[in-house]
Amino acid sequence: MYQFQLLEALTKNANASQRYLAKLTNLSVGKVNYTLNQLAEEHMIVINKEGRIYRYEVTDKGKEFLKRELDQLQVTKVTLHSNERKVVKQAVILAAGEKAEFDQPACLLPIKDTTLLERTIGILENNGIEKIIIVIGYKKEAFAEFKSLKDNRAIHFVENPRYLWTGSMASLAAASQLITDDFILVEDDILIEENAVTELLNREERDCLLVTKESGSGDEAFIEIQNDYLYKISKDIHQLNRIDGEMTGITKFSYEVYQEMLQLFANNKNPYVNYEYVLLDVSRIINVGFYKIPDLVWAEMDSYEHHFKVVDKFYPMLMRKEADFKERELKQTIAGALNITIDEVTSVEVLGGLTNRNYKVTVGDQEYAARIPGKGTEQYINRQDEKVNSEITSNLGINPEVIYFNEKTGLKIVTFIPNAETLNPKTGTREDNLIQVAGIFNRLHTSGETFQARFDVFEKITEYETILADLNGAVFDAHDVVKQQVLELEEYYKSLNIPLVPCHNDPLAENFVKSGEEKMFLIDWEFSGMNDPLWDVAAYIIEAELSPAEEKLFLLHYFKGTMTTESRQQLLLNKIFLDFLWTIWALMKEAGGEDFGSYALNRFTRAQQHLQEYQIQFKETSQLGKI
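Model, not experiment: these values are computed from the prediction.

**Student:** Hey, could you go over the overall build of the protein for me, with residue numbers and the actual values?
**Tutor:** On a plain count of helices and strands, the protein comes out with 19 helices and 25 strands. Its C-alpha atoms give the protein a radius of gyration of 34 Å, more than 25% over the compact-globule value 25 Å for 627 residues. Along the first, second and third principal axes, the C-alpha set of the protein runs to 125 × 55 × 55 Å. Residues classed as buried in the protein amount to 51% of the 627 residues present.

This is how it looks when you write it as structure tokens:
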């Protein structure tokens, strides 16, 4: 190291004294004298004495040594963070720029039954992105309707008011107050296959460009790679020694590198600079990686000609590729679970499902139902408990046989129900079906089995409210008032010391599946646990929307003709608790990006109505103040 410092100083100061060299290099005079003699011995300098003056000449060998050290320094980068993979939860969509041919932002142009923006947001949400920042500018009013429809999704809009006189780095900087962690950046005019985004997010490199082969579009941003990291970016092919790929407009950023970019941009004199070139400047001292997918299906939409090609060619091509990929991926997952080859899985068909993805799977002459959990369900579902409880109910004959259950991924495979007919709120009110539902409840509630875990509605309320708060979700105006009334009833309810039994806890009509006329199953035991049996009864009454007459008929079958006043009070309490709980659950899901329409409001309104009913019917035990 000392040799390098002195050689570099001598190339500029051949006649310098040892004392002056010591000052230039921050070394002691003794260290300078020793190192100069060492360099002379190694023939990297020649020392010439002219009277009392020493002159130091750097030899060719010394110059070669100096060149090698300088080259090494150029490839040595500063480490700002560990390069271990980090889960990315934030995204930025740059949508401020103007396209000369379009009278609206490119991302809002129709593509079959969607838009680029809707598709991009869907892809991000499918990949666990919880916070999406959209930078707008040109025709910002065009986003008004979109913004009004997204109130319950974690989407934030910021404006670059100087979009006409600035480049994309100014738009990225405009989002700085909302960016709080690593993020993925997507340019708004990019159509790309979902799997590419998934693979980029799964890369270990925290700073990583998504690149592909040359597209020949005429507006390519080429990159050159050295030592497996970004070296150059240019739209001018003559500026590169070689072309290693083309940028796609999608990049993963670490928070630390973003901060470095902001510092560089703060001192920038060119307002039109784009973020790619600021990133390139940062890459001089910090390694920026890349991920290349040569056969990527993607397109950029800068003109009406591009728009036509996207609609007519690229989007249909992408849809076919994604459908084929998802089917192949699903077959591989099923084959791995059943320990068979992928060729033995002859078909998969999509079934219904509110939160999870469900499929009918055929293997030879055997048919199965496969459940893949929806994203985010691991936050509030204990898969180990579900696995144990599912096996217990299979043994009771009220749940299909469990063939495979992975408590880590939530993948579940059961025997397919033959001649399956899923109930709905209409068919669930017929007396023949009410009899079978009541029979399943009786068999479950009187089985004497012990489920894993306890379904405690009051603990669940706290749990879901915590998740809702973490997602910055909103509650209804009267939420605190209703919650206080529910908590006032909690003390009285617990004093009843109701024996706990195995319960399903989420018995929608759609969770009951008939097999012919004589057999019925109850499926999906995600929320199962020990609970008050009348929770299940109250839930079915509400979910199947039973009329007062139908409810009375159902209760006659469940209670076998006799129902006490205490049971009626217990039932109404459960109606209040479950409506309040599922209100919070629905708001939590909406805060996470799902659309539940008026579901939450309907449940909240009904909880208020049941509270009023309870005060009227059970005044002597009511702890409620005037509602």
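**Student:** Could you give an account of the pattern of salt bridges, naming the residues involved and the relevant values?
**Tutor:** The full count for this structure, using the stated rule, is 28 salt bridges. Across the pair Arg206 and Glu256 runs a salt bridge, and its minimum N-O distance is 2.9 Å. Linking Arg206 in the loop between helix H8 (194-201) and strand S10 (208-212) with Glu256 in helix H9 (residues 255-266), this pair joins segments that are 50 residues apart in sequence.

**Student:** Before we move on, could you go through a nonpolar patch on the surface and cite the residues and values that matter?
**Tutor:** Together, Leu164, Trp165 and Tyr272 give the surface a local cluster of nonpolar side chains, amounting to about 340 Å² of exposed area. As for its position among the elements, Tyr272 is in the loop between H9 and helix H10 (275-282). Using a relative accessible area of 48% as the deciding quantity, one classes Tyr272 as partly exposed.

**Student:** Residue-level account of the pairing of strand S20 (residues 412-415), with values.
**Tutor:** Where strand S18 (residues 366-372) lies against S20, 4 bridges are found, and the strand directions are antiparallel. Residue pairing in the sheet places Arg371 in a bridge with Lys412 of S20. As paired strands, strand S19 (residues 402-405) and S20 are joined by 3 bridges and run antiparallel to one another. Bridge pairing in S20 places Phe405 opposite Lys412. Here S19 folds back onto S20 in antiparallel fashion, the turn holding 6 residues, of which Gly410 has a positive phi close to 85 degrees.

**Student:** Please set out helix H11 (residues 304-338) residue by residue, giving values where relevant.
**Tutor:** Taking 1.5 Å as the rise per residue, H11 with 35 residues should run 51 Å; its terminal C-alpha atoms sit 49 Å apart, in good agreement. Largest kink in H11: about 50 degrees, centred on Val310. The positive-phi residue at the C-terminal boundary of H11 is Asn339, with phi of around 60 degrees.

**Student:** Residue-level account of the packing of aromatic side chains, with values.
**Tutor:** As enumerated under the stated definition, the model contains 24 aromatic pairs in all. Ring geometry for Phe441 against Phe512: centres 5.9 Å apart, planes inclined by 80 degrees, an arrangement best described as edge-to-face. Here Phe441, found in helix H13 (residues 431-445), pairs with Phe512, found in strand S23 (residues 512-515); they are 71 residues apart in sequence, far enough to count as distant. Phe441 gets classed as buried once you look at its relative accessible area, which sits at 0%. Given a relative accessible area of 0%, Phe512 falls into the buried group. Each ring, one from Trp585 and one from Tyr599, has its centre 6.4 Å from the other, and the planes form 70 degrees; the classification is edge-to-face. Remark: Tyr599 occurs in helix H19 (residues 599-617) and Trp585 occurs in helix H18 (residues 565-591); sequence separation between them is 14 residues. Members of the aromatic cluster, each reached through a chain of ring pairs, are Tyr464, Phe527, Trp582, Trp585, Phe596 and Tyr599.

**Student:** I'd like a description of empty space enclosed by the protein, backed by residues and values.
**Tutor:** Evaluated as defined, the whole model comprises 2 cavities of 30 Å³ or more. Space inside the largest cavity adds up to approximately 50 Å³. For the lining of the largest cavity, the secondary-structure elements that each account for two or more residues are helix H5 (116-126) and strand S9 (190-192). Sort the elements by how many residues they give to the lining of the largest cavity and H5 lands first, with 3 residues. Looking at the lining of the largest cavity residue by residue, the classes come out as 7 nonpolar, 1 polar and no charged. Empty space within the second largest cavity amounts to approximately 40 Å³. Its residues assigned to classes, the lining of the second largest cavity comprises 4 nonpolar, 2 polar and 2 charged.

**Student:** Describe the pairing of strand S2 (residues 53-58), and please don't skip the residues or the numbers.
**Tutor:** The sheet contact formed by strand S1 (residues 45-50) and S2 spans 6 bridges and is antiparallel. Across the sheet, Asn48 pairs through a bridge with Arg55, a residue of S2. Between S1 and S2, which pair antiparallel in sequence order, lie 2 residues; one of them, Gly51, sits at a positive phi of approximately 65 degrees.

**Student:** Hey, could you go over the confidence of the model for the protein for me, with residue numbers and the actual values?
**Tutor:** Caution applies to low-pLDDT parts of the model: their predicted coordinates are not meant to be read in detail. For the protein, per-residue confidence averages 87 on the pLDDT scale, and 93% of positions sit at 70 or higher. The secondary-structure element of the protein with the lowest mean pLDDT is helix H6 (residues 144-149), recorded at 66, while strand S22 (residues 501-503) shows the highest, at 97.

**Student:** Kindly report on the packing of helix H14 (residues 457-470) against helix H15 (residues 479-495), identifying the contributing residues and their values.
**Tutor:** Where H14 contacts H15, the two axes come as close as 11 Å, and the packing angle between them is 155 degrees. As the angle between them shows, H14 and H15 are arranged roughly antiparallel. As H14 runs across H15, the sense of the crossing is left-handed. Between H14 and H15, the residues in contact are Phe458, Ile461 and Glu465 and His479, Lys483, Val486, Glu490, Tyr493 and Lys494, respectively.

**Student:** Lay out the sheet that holds S23 with the relevant residues and their values.
**Tutor:** Read across the open sheet, the 3 strands follow the order S21-S23-S24; overall the sheet is antiparallel. Of all the strands in the sheet, just strand S21 (420-422) and strand S24 (519-522) have a single pairing partner and so form its edges. Pairs of neighbouring strands in the sheet enclose a mean axial angle of 30 degrees, with direction left out of account. Lying over the sheet, H13 contacts S23 and S24, oriented at roughly 55 degrees with respect to S24.

**Student:** Explain the nonpolar core to me, and be specific about the residues and the numbers.
**Tutor:** By size, the foremost hydrophobic cluster in this structure holds 68 residues, and its most contacted members are Tyr540, Phe554 and Phe577. Only H13, H14, H15, S24, helix H16 (533-543), helix H17 (548-558), H18 and H19 provide two or more residues apiece to this core. The element contributing the most residues to this core is H18, with 15 residues. Setting aside its immediate chain neighbours within four residues, Tyr540 contacts Leu423, Gly428, Leu434, Val437, Phe441, Pro507, Ala509, Phe512, Glu545, Leu546 and Phe554. In terms of nonpolar packing, the next biggest core, distinct from the first, is built from 44 residues, Ile111, Leu124, Val186 and Leu296 among them.

**Student:** Kindly report on the sheet that holds S19, identifying the contributing residues and their values.
**Tutor:** Taken together, 5 strands build an open sheet; the order of strands is S16-S17-S18-S20-S19 and the sheet is antiparallel. Looking at which strands have only one partner, the edges of the open sheet turn out to be strand S16 (345-350) and S19. Going from strand to strand, the sheet's axes swing by 20 degrees on average, the running direction of each strand aside. Where strand S17 (residues 357-363) and S18 come together, 7 bridges link them in antiparallel fashion. Bridge pairing in S18 places Arg357 opposite Ile372. Packing against the sheet, H11 makes contact with S16, S17, S18, S19 and S20, and its axis sits at approximately 120 degrees to S16. Across the sheet, helix H12 (residues 383-396) touches S18, S19 and S20, and the angle it forms with S19 is around 170 degrees.

About the cut-offs
Residues numbered from 1 in each chain as written. Predicted model: local features only at pLDDT ≥ 70, side-chain atom pairs only at ≥ 80, totals over all residues. Heavy atoms only, no water. Helix = DSSP H or I, 4+ residues; strand = E, 2+ residues; numbered from the N terminus. Rg over C-alpha atoms; globule rule 2.2 N^0.38 Å. Buried < 20%, exposed > 50% of the residue type's maximum accessible area, 1.4 Å probe, protein only. Salt bridge = Lys/Arg side-chain N within 4 Å of Asp/Glu carboxyl O. Patch = residues over 30% accessible without salt bridge, like charges linked within 9 Å, V, L, I, M, F, W, Y side chains within 5 Å. Areas by Shrake-Rupley, 256 points an atom, 1.4 Å probe, with all protein chains shown as cover. Pairing = 2+ DSSP bridges. Expected span 1.5 Å × (residues − 1). Bend = angle between axes of the 7 residues up to and from the residue. Phe/Tyr/Trp six-rings, centres within 6.5 Å; stacked < 30°, edge-to-face > 60°. 1 Å grid on protein atoms, 1.4 Å probe; cavity = no way out; pocket = protein on both sides within 12 Å on 5 of 7 lines; lining within 4 Å. Points joined across faces, edges and corners; volume = space filled by probe spheres on them. Nonpolar A, V, L, I, M, F, W, Y, C, P; charged D, E, K, R; others polar. pLDDT = per-residue confidence, 0-100. Axes fitted to C-alpha atoms, helices over the stretch in contact; angles between N-to-C directions. Parallel < 35°, antiparallel > 145°, perpendicular 65-115°, else oblique. Left-handed = near helix turned anticlockwise from the far one by under 90°. Contact = heavy atoms within 4.5 Å. Core = buried A, V, L, I, M, F, W, Y, C linked by side-chain atoms within 4.5 Å.

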